[in-house]
Structures are given as structure tokens and as C-alpha cells.
Amino acid sequence: MGSKMNSNGFRFRKVIMIVIVVGLCCFFYVLGAWQRSGVGRGDSIALQITKETECGIMPNLNFETHHSKDHYASKAKAFEPCDVQYTDYTPCQDQKRSMTFPRENMAYRERHCPSKEEKLRCLIPAPKGYMVPFPWPKSRDVVPYANVPYKSLTIEKADQNWVQLEGNMFKFPGGGTMFPQGADAYIDVLASVIPIADGMVRTALDIGCGVASWGAYLFKRNVLTISFAPRDSHEAQVQFALERGVPAFIGVLGTMRLPFPSAAFDMVHCSLCLIQWTSNAGMYMMEVDRILRPGGYWILSGFPINWKAHSKTWERSESEIQKEQRRIEELAYLLCWKKMYEKGDIAIWRKTIDGNSCQRKNDSSVSMCKYDEADNAWNKKMQVCITPFPSVKSPDEVVGKLKRFPDRLFTVPPMVASGSYLGVTQESYEEDKRLWDKHVKAYTKMNKLISSGRYRNIMDMNAGYGSFAAALEPSNSWVMNVVPTISMSNTLGIIYKRGLIGIYHDWCEAFSTYPRSYDLIHANGVFSLYQNKCDMEDILLEMDRILRPEGTIIFRDTVEFMVKVKVMATGMRWKMRMMDHEDGPLVPEKILIAVKTY
Ligand SMILES: C[S@@+](CC[C@H](N)C(=O)[O-])C[C@H]1O[C@@H](n2cnc3c(N)ncnc32)[C@H](O)[C@@H]1O
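Residues numbered from 1 in each chain as written. Predicted model: local features only at pLDDT ≥ 70, side-chain atom pairs only at ≥ 80, totals over all residues.

**Q** Give me the lowdown on the pairing of strand β5 (residues 224-229), citing residues and values where you can.
**A** β5 sits mainly inside the fold: five of its six residues count as buried. Taken together, the five bridges between strand β4 (residues 203-207) and β5 define a ladder with parallel strand orientation. If you follow Thr203 over to β5, its bridge partner there is Leu224. Considered for its hand, the β-α-β crossover made up of β4, helix α8 (residues 213-218) and β5 is right-handed. Two elements, β5 and strand β6 (residues 248-250), share three bridges in a ladder whose sense is parallel. If you follow Ser227 over to β6, its bridge partner there is Ala248. (Buried ≥ 20, exposed ≤ 12 C-beta atoms within 10 Å, placed from the backbone. Helix = DSSP H or I, 4+ residues; strand = E, 2+ residues; numbered from the N terminus. Pairing = 2+ DSSP bridges. Right-handed = clockwise from strand over helix to strand, strands pointing away.)

**Q** Give a detailed account of the packing of helix α19 (residues 536-546) against helix α20 (residues 559-570), specifying residues and quantitative values.
**A** Two elements in contact, α19 and α20, have axes whose closest approach is 10 Å; the angle formed by their N-to-C orientations is 60°. Judged by the inter-axis angle, α19 sits oblique to α20. Considering only the axes of α19 and α20, their crossing is right-handed. Counting all contacts with α19, which are made through Met536, Glu537 and Leu540, the residues of α20 involved are Lys564, Val565, Met568 and Ala569. (Axes fitted to C-alpha atoms, helices over the stretch in contact; angles between N-to-C directions. Parallel < 35°, antiparallel > 145°, perpendicular 65-115°, else oblique. Left-handed = near helix turned anticlockwise from the far one by under 90°. Contact = placed C-beta atoms within 7 Å.)

**Q** Lay out the pairing of strand β17 (residues 589-596) in plain terms, naming residues and giving numbers.
**A** With seven of eight residues buried, β17 is to be regarded as a mostly interior element. Pairing analysis gives seven bridges linking strand β15 (residues 547-558) to β17, with the strands arranged antiparallel. Across the sheet, the residue bridging to Asp557 is Lys590, located in β17. Where strand β16 (residues 574-580) and β17 come together, seven bridges link them in antiparallel fashion. From the neighbouring strand, Met579 faces β17, where its bridge partner is Ile591.

Right under this line is the structure:
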């Protein structure tokens, strides 16, 4: 009986073995055939878009049928991959170039871009084993090791729970230097003082963000946070943030103004962000004040708050740190910020809503900045002066009538409605909203992935009033609304008034981000705007650098620019499809959808 059982069992195991071996052979045969075919997921996204645009959804808008594909291929110059040493290349934050600039006030960590001759003209390769990031919200907590293969923070910040390595994945438990137990509990404390839950606080800035868990956890509370930190010894911190799907850029509070308009943020945060707030006669606090809207909140946790408990760790005498906090309190008074809270390691101030009630009016030692320079923040030296309150007809225009989010997204901002916003009228604002609702509806028909959650990190390269981003709401994504520094009107203030986020940038230079930061890039009128300003090729190469493999670009411009783009981008191995405007082929504006396939 026993031996019969044994021989039956042996036969059964043999059959199972044969099935497994045959199964594995079939699997590897199919995998090999798929890889040899050269069809990656990028190609499948391109194919899907091609199919969607071909299969009769918009049959009359296919520009391609009248223009041969060979026409582009024959003219295209092929771009080669860059050397693997450039996998994480950030042209304006290059370590070697940085070191040639002064360390004083962190000048060496600021933007220092390559000259025209020094620019790389090749395609930045992804690291070996790169995977398209997980969809949000999983991406907040898990990032493939291969995408950011740097381990030092897992060791250096182990006790603060920034990031851990488990197998071939990084895990982010949500900790930070001042919130090792997780950002959620820390935000709960802030929310006991700041009206985070009711929609009045929508936009936030995290200075010295680490891996940006603060912003990552605010997203589910409907607060959109831009996080930034320099490319420094906190290895790949901003790259981790972006891979997690959190809005971030490489930046530093150094000698230049931050690239934001005045009165932009509802809340600004620094948790042990290593900034000497009282140095340079309070210049850094004055810069925070410039970008904080009246009625906005400033949160400072860590040094020098709670100095009694921490003086030993900070290796400074109690009296020295106490003096530092006293000086911060004095500066806050001059800036008309009122202390709302101080407990444990956290202190919170609120900027006054109404400039008229501000005490400093009578203080002759205060130097005020020029009002018309308040929004001039690109390549502009930071100054030791206080930005005047926005000039409005009533304080209500600044915050009183500001709607709660999401109503704030579509209501005409009070400053626009009252005519206080230069060059923008209620009519132009409303017309822009209508137009972009229509355009985005057409985009969604051309590419269904837009509404599917596939694209988390989105960039609008020429954002205008932010209506493209507004038309995508509500969504699980975020849009970095870029207002080019050469735009006719400075609309970034309006974008913030709507509860969206954005930044100034000059597209003749590299953006302050890592390669592979964005899933979707929207380029509306970028090439007509930059005509005769710099090379189209350089702008396209920069777009290629910051776009993730399998990411998509939607171009919108007049036909002559679109044809040139198509020729150049053919040499960059993008799969593309040109479409007519949704109003028909007679409109000179065309739409080009491109997918990065490597
Ligand atoms: C101790 S870590 C704290 C990180 C994060 N705030 C947290 O609580 O986990 C200090 C952070 O400040 C950043 N940092 C240092 N100097 C800075 C500066 N001048 N401007 C902006 N960030 C700075 C560092 O790169 C790092 O991200």
C-alpha cells in the first residue's frame, strides 16, 4: 500500500514538472518574440492613441492623410542617446559647475545653466531596469529602486522614516525630520489651527522638503503643495518626490527670489529646513512674506523652536538659540504676522489680511520694496525690503471674497472682477475658461488616457490663466503651470488665485527638474512664442529629458511650427500623430500628439 502510494506520488510529481517546464518554455518564447518585435508599452500607448484618433471619433481631423510620413523621416536628423553617466542629468544644477560658484548664501546651489555650446544634444537614457512609476496613490508609498538607484537616505534618515529599501522597491512610510511618526499626525496638529479642511487653504509651499512627505500627505486633504530642495547631500531627494508623484522642483533659498509671484501661497512650511532665517537682516523671511498671501500661514518647526528641549542636539548655547527665536519674533512683527500657535516643536504665524491694520506703518526703520516689482521674480536678486500689500480697492478682494476650493477654481478672482489685475478682464478670463473646456474635451476624445488617471505629473509649458489645468479637475493628477518669463502678461498670480500651482520659467534654459519627471506635457503656442528667441531643437531636447518613457506630449501651434516639430521629433524616436483643430481643417492651428517610446 505504502509503495503504491509512493509510485503514484512520483508519477504525479513528474507530470507536474513536465507541465511547469513546458509552461516556462512557452512563456520565454512569447517574451522573446515580444521583445524582438520592439513593441514596448510606449509603442502600445502610441498605437492606442493612433487607433483612437483613427477610428472615426474625429474622422475629419486627421491632418496626416494629406501629408506623407516619409516627408518627415527623410528630413529628420537622428539624435543619439547620451552616455549613461547623464542618466540623472540636471543641466542647471550640475555638480561640477556648481562648485565654481561661491558658497556664501548657498549661491553655488542655485541655477547655473550651461552655455549654448555646452548644451548636450543627445537623448538622456533611463537607468537600467527603469519601470513606469506606479499610479497614484500607490506611487506615494512605493518607488522602484531601479528608477532612483540611490540608497544613502535609507541609512542616513533611517530613524526619521524618510525611506526604506525592501527588495527591489523603496517604501516611504511618510516620516520626516520633524515628523518621524508620519506626516498625517503632524498635519492633524497643524489642522487644529489652520483651516485646512474647509477649502480656504489650498496652495502650499514646502521649503527644504526632503522626500516631500508633507506635500504627499496634504494631497488627500485637497491641498496642492509645491515642494523644493537643492540638489545637495540629501541624495536624490527631489527625484524621489517626483517619482512618488508629488509636485516638486530643484531649488534653494539662496540669493535669488523664488520663482513665484507675490501673494501666491495660502501656506508656507519649513520643518528643520536649515535656513538661517534671521541672517541677511531678515531677507529670507521677507521673501516668504512676499509670496505669502494676506491671511496666509507660515509654519516653522524645528530650530530654533523648542530650543529648551533641543539645545544639546543643536550644539548651540541656550542663550544663542533663544536670541535667534526672539529675532524671528521681531521680524514677524515687522511683517505683520501674528503668532497663532506654539507648542512642542511647532510654531505658526498668520500674515494679516489687511495692510491698514499693520503696526509697522509707523516704523521708519522698515524699508519697503517697490510695489510694481512684487511679481518680478525671475533671475531677480532677493532684497532686504518688505513687499507692500497688494493694491486693491478693498481688503475683501484679497481674501474676503476668495471662494473656497473647488469653487475658487472657476469663480472670477476678486482682483480680476474689480479690474485690479493689470491687463486681465472678467470677459477674457471667462472666454479663456470656455475655450479650454472645449479644447480639453477634444483632447480627451483624441486620447482617452487623459481622463484615466494614467498621467499623474502633468506640465503645462505655457499655462496662461491655468484653464487647461482647471478643465482637467477634478482629477488624481497635478499640473505644474509654467508661465514663460517672456509671456505678454504675467498670469501666474491668477493661476494661484484659482487654487492651482505653477512657476515662472524661461524655456531657452533647462527646467529645474530631473529627467523623467512628467507623464504628460502640454505645449500650447510654445514654439510661436519662442520664435527667434532660441533653438526649437533645444526646447524639444529639454522636453524629451523631462518626459517619462511612455509619456505623452500634446503640442498645439500653427501648422508651420507643427511640421518643423514633427521633423525634429522624428529624429528623437517619438511616435506622433498630427490632428486638425476641433473646428476643422481650415483653422491654421494644429494638434500634434507625441509619445516617447523608449
Ligand atoms: C533636515 S532636512 C529636513 C527635510 C524635511 N523638511 C523634513 O522635515 O523631513 C533639511 C532640508 O532642507 C534643505 N535645505 C537646506 N538648505 C536649504 C536652503 N537654503 N533652501 C532650501 N532648502 C534647503 C535640505 O536639502 C533638506 O531637504
